[in-house]
Amino acid sequence: MAHQLRTGGMGGARDDFEAMISELAASTTPNVRMISANPGDWGIDAFAGDLGGAITVWQSKYFHPATTAAHQQSIRDSFASALKAAEANGHKVEIWILCIPSSMDGPTAKWWDGWKKRQERDHGLVVRLWDETELRKALHSPEGDHVRRAYYEPFTPAPVQEQTRAVVEVDDQRAAEFDSALFVRQLIEAGHVELDSAKQQFFNADLVAREIAHKAVLTEVAALTSADATLHGLWEMNFNECCAEDALPALHGRVWREVRNEHPNLPKVLRLELAHSWGLVHRLVDNRKAGWVKHWRQIAIDHAEP
């Protein structure tokens, strides 16, 4: 209904819903594009991938207020059109996603489940459904929130920024296990004596990195890569300056001050406390990308994995 109110009728609502789907798809998948009907659209509303290879297709159908048996033929026709165009134009549909703003009634849901399995079996691809439930879930995710606000809450203020992650304590056993870690070895080589805070920072940053890797949300993965690159650049700049000034004992402190200054500019989607940002530097050291003494590379080579 929101699309009809925004555009003043069913015709505009279809186009508006299609545009929303393309933006929602782009929020989690890189390089999503739409196809202009000139004269046909190759059975594609939006797609990601290479039109000379494999692609994912989003097919929008503005069935409202419910998806019923009367819509089944339209779904079949759209799917067949996408496969026919793929064969004619030299690309392969790897994933086909039907996007509808409503829910299916009982008979149609049963038909869909059987039809989906048959198409996947017969054509060697994946068929998915973005119905009312899936769309609500995607629109309320951090990645889709800006799409929800743009299309469904245009006159409401932006939501309060999500709270940062908690910084958790490290138990004694886990802290003791870090004694053999490379980032601790590098700190000891640099003359550091007290290491408890470093262990806590590393532990919390590693939790963040593992969570992001497990969830595999593309925006978060990209944000962590960006943060790592920024922090690596800060370390490298200060390392080179300290080497030129013969001031390597000051390296750790300089990097920490730089990280404190840069912390507010790191990607907000990561929800990092300052301790997490410092911990990400320890992870760079532990991953053999940085160190605190001039011969840090040799230490990394000689270090035995625990």
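Everything discussed here concerns the structure shown above.
Notes on the structure in this doc start here. (Residues numbered from 1 in each chain as written. Predicted model: local features only at pLDDT ≥ 70, side-chain atom pairs only at ≥ 80, totals over all residues. Heavy atoms only, no water.)

## Points about the overall build of the chain
For the chain, the count of helices and strands is 13 helices and 5 strands. Against the compact-globule benchmark of 19 Å for 306 residues, the chain has a radius of gyration of 26 Å, which places it well outside the compact range. Looking at the chain as a whole, 42% of its 306 residues qualify as buried. A separation of at least 24 residues holds for 66% of the contacts in the chain among residues at least 6 apart in sequence. Surface accessibility of the chain: about 16200 Å² in total, with carbon and sulfur atoms responsible for 52%. Computed over 33 positive and 43 negative side-chain charges, the separation of the two mean positions in the chain equals 4 Å. (Helix = DSSP H or I, 4+ residues; strand = E, 2+ residues; numbered from the N terminus. Rg over C-alpha atoms; globule rule 2.2 N^0.38 Å. Buried < 20%, exposed > 50% of the residue type's maximum accessible area, 1.4 Å probe, protein only. Contact = heavy atoms within 4.5 Å. Areas by Shrake-Rupley, 256 points an atom, 1.4 Å probe, with all protein chains shown as cover. Lys, Arg positive; Asp, Glu negative; His and termini not counted. Charge placed at Lys NZ, Arg CZ, Asp CG, Glu CD.)

## A look at the sheet that holds strand β2 (residues 46-49)
Taken in spatial order, the 5 strands of this open sheet run β1-β2-β3-β4-β5, and their pairing is mixed. Looking at strand neighbours, the two that pair on one side only are β1 (32-34) and β5 (126-130), the edges of this open sheet. Sheet twist, expressed as the mean angle between neighbouring strand axes with direction ignored, is 25°. Pairing analysis gives 4 bridges linking β2 to strand β3 (residues 54-60), with the strands arranged antiparallel. The residue bridging alanine 48 from the neighbouring strand is threonine 56, located in β3. Running at roughly 155° to strand β4 (residues 92-99), helix α3 (residues 72-89) makes contact with β3, β4 and β5 of the sheet. (Pairing = 2+ DSSP bridges. Axes fitted to C-alpha atoms, helices over the stretch in contact; angles between N-to-C directions.)

## Remarks on helix α10 (residues 218-245)
In this model α10 runs 41 Å from its N-terminal to its C-terminal C-alpha over 28 residues, within 8% of the 40 Å that 1.5 Å per residue would give. Those residues of α10 hidden inside the fold are in contact with α9 (196-215), α11 (251-262), α12 (274-286) and α13 (296-302). With its phi angle positive at about 55°, aspartate 246 sits one or two positions after the end of α10. (Expected span 1.5 Å × (residues − 1).)

## Points about the pattern of salt bridges
For the structure on display, the rule yields 15 salt bridges. For aspartate 145, the salt bridge is made with arginine 148, and the minimal N-O distance between the two is 2.4 Å. Remark: arginine 148 and aspartate 145 occur in helix α6 (residues 145-152); sequence separation between them is 3 residues, near one turn of the helix. Across this residue pair, the class does not change: aspartate 145 and arginine 148 are buried. When salt bridges with common partners are traced through the structure, they connect Arg165, Glu211, Lys215 and Glu220 into a single cluster. (Salt bridge = Lys/Arg side-chain N within 4 Å of Asp/Glu carboxyl O.)

## Structural notes on unusual backbone geometry
Trans is the prevailing form of peptide bonds, just as negative phi is the prevailing case for residues other than glycine. Cis geometry marks the peptide bond from histidine 64 to proline 65, where omega comes out at 10°. With respect to the secondary-structure elements, proline 65 resides in the loop between β3 and α3. You will see that aspartate 246, though not glycine, has its phi angle at about 55°, which is positive. Mapping aspartate 246 onto the fold places it in the loop between α10 and α11. What makes aspartate 246 exposed here is its relative accessible area of 72%. Positive phi values are uncommon outside glycine, yet arginine 288 reaches one of about 65°. Tracing the backbone shows arginine 288 in the loop between α12 and α13.

## Regarding helix α4 (residues 106-123)
Here α4 contains 18 residues, and its C-alpha end-to-end distance of 26 Å stays within 8% of the 26 Å for a straight helix at 1.5 Å per residue. Of the residues making up α4, those classed as buried are Thr108, Trp111, Trp112, Trp115 and Gln119. Buried residues of α4, viewed axially, fall in a sector of 105°; they line one side. Facing away from the buried side of α4 by over 90 degrees, the exposed positions are Gly106, Lys110, Lys117 and Arg121. (Arc of directions from axis to C-beta.)

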